[in-house]
Amino acid sequence: SLIFPLVLMAIFTGSFGNAPGTIPGFPPVRSFLDFALAGAIVQGILIGGTSAGAAFAQDIEGGFFDRLAASPVSRLAILTGRLGGGVALAMAQAVLFVSVGIIFGARIEGGVAGVLILMVLAALMAVAVSGLGIFLALRTGSAEAVQGTFPLFFVLLFFSSAFFPRETMTGWFKAVADVNPISYLVEAMRDLVIEGIEPRPTLIGLGVVLGLAAAAVAASYLAFRRRL
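This structure is a prediction, so every number in the text was calculated from the model and none was measured.

Visitor: Explain the overall build of the protein to me, please; I cannot follow it from the model alone.
Guide: Broken down by element type, the protein carries 10 helices and zero strands. Helices and strands in the protein line up, N terminus first, as α-α-α-α-α-α-α-α-α-α. Here the C-alpha radius of gyration of the protein, 18 Å, is about what a compact globule of 228 residues would show, namely 17 Å. Dimensions of the protein, computed from the C-alpha atoms along their principal axes, are close to 60 × 40 × 30 Å. Within the protein, the proportion of its 228 residues that are buried is 46%. Total accessible area on the protein stands at roughly 10400 Å², and carbon and sulfur atoms take up 68% of it.

Put into structure tokens, the structure is as follows:
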């Protein structure tokens, strides 16, 4: 979740460095690295959230979950602790990716405030993805089953605007990207990097990720109560 997104960001930056200003519809950016930074953050969160669900499933398989449930510890802390771990990992990833991007020449047009908003979006997405992973863990009790959902997340990522703008897409690919919620989250993060703080894309991304996070937390809480 830390190394792979950085490697892919480097490959894409090296391969598509001439896309800005060359491909019709590509937004004006200083470099492709500025454009690719948001996609790397989202990719890392997807991998980390899947890992959080798989780790929770391992706790269930090994009996550790049952021992926690039988102990005097707060039942809710069992769930929120794992969600908190997913958010902490997402924050570490976002800080690392932004730092590496700046070192290699990226510029955050939104400044410090833009970085803070980006961190909020990353944290909420981590809640959504980790919550979904925990929900799957509670329903299946299998780390293998949770890890098996990762290809679906990866498909959702690549069928979005994470690596290329929707303005350059045509046909069914653009239709899928238009309804993919990841597109709007990535675009909200990217706008903070290449444009600065613009209310409309930020609010759209915030609304999408809040809805996803609320649905994932509600589903995982209901599955948690059912397993208890």
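More follows now that the structure is in view.
Visitor: Explain the packing of helix α4 (residues 75-103) against helix α10 (residues 199-227) here, please?
Guide: Each packed pair of helices is defined by two parameters, the angle between the axes and the distance between the axes. Contact geometry of α4 with α10 gives a least axis separation of 11 Å together with a crossing angle of 140 degrees. Considered as vectors, α4 and α10 are oriented oblique to each other. In this structure, α4 meets α10 at a crossing whose hand is right-handed. Two secondary-structure elements touch here, α4 through Arg75, Leu76, Ile78, Leu79 and Leu83 and α10 through Val217, Ser220, Tyr221 and Phe224. Of the residues contributing to the contact of α4 with α10, the split by class is seven nonpolar, one polar and one charged.

Visitor: How do you make sense of the packing of helix α9 (residues 181-194) against α10 when you look at a structure like this?
Guide: Viewed as axis vectors pointing N to C, α9 and α10 meet at an angle of 135 degrees, and their least axial separation amounts to 8 Å. Relative to α10, the element α9 is oriented oblique. Judged by the twist between their axes, the crossing of α9 over α10 is left-handed. Taking contact as the criterion, the partners of Pro181, Tyr184, Leu185, Ala188, Asp191 and Leu192 in α9 are, on α10, Pro201, Thr202, Ile204, Gly205, Val208, Val209 and Leu212. Split into classes, the residues belonging to the contact of α9 with α10 amount to 10 nonpolar, two polar and one charged.

Visitor: It is not clear to me how the pattern of salt bridges should be interpreted in this structure. Could you clarify?
Guide: Side-chain pairs of opposite charge can arise whenever the charged atoms involved come near each other. Counted by the stated rule, this structure contains six salt bridges. The shortest N-O distance in the salt bridge between Glu109 and Arg107 comes to 2.9 Å. Here Asp178 ties to Lys174 by a salt bridge, and the two come within 3.1 Å at their closest N and O atoms. You can see Asp178 and its partner Lys174 sitting in helix α8 (residues 171-179), four residues apart, about one turn around the helix. Residue classification places Asp178 among the partly exposed positions, given a relative accessible area of 25%. In this structure Lys174 comes out as partly exposed when scored by relative accessible area, which is 28%. Connected through shared salt-bridge partners, Arg166, Lys174, Asp178 and Glu187 make up one network.

Cut-offs and rules
- Residues numbered from 1 in each chain as written.
- Predicted model: local features only at pLDDT ≥ 70, side-chain atom pairs only at ≥ 80, totals over all residues.
- Heavy atoms only, no water.
- Helix = DSSP H or I, 4+ residues; strand = E, 2+ residues; numbered from the N terminus.
- Rg over C-alpha atoms; globule rule 2.2 N^0.38 Å.
- Buried < 20%, exposed > 50% of the residue type's maximum accessible area, 1.4 Å probe, protein only.
- Areas by Shrake-Rupley, 256 points an atom, 1.4 Å probe, with all protein chains shown as cover.
- Axes fitted to C-alpha atoms, helices over the stretch in contact; angles between N-to-C directions.
- Parallel < 35°, antiparallel > 145°, perpendicular 65-115°, else oblique.
- Left-handed = near helix turned anticlockwise from the far one by under 90°.
- Contact = heavy atoms within 4.5 Å.
- Nonpolar A, V, L, I, M, F, W, Y, C, P; charged D, E, K, R; others polar.
- Salt bridge = Lys/Arg side-chain N within 4 Å of Asp/Glu carboxyl O.

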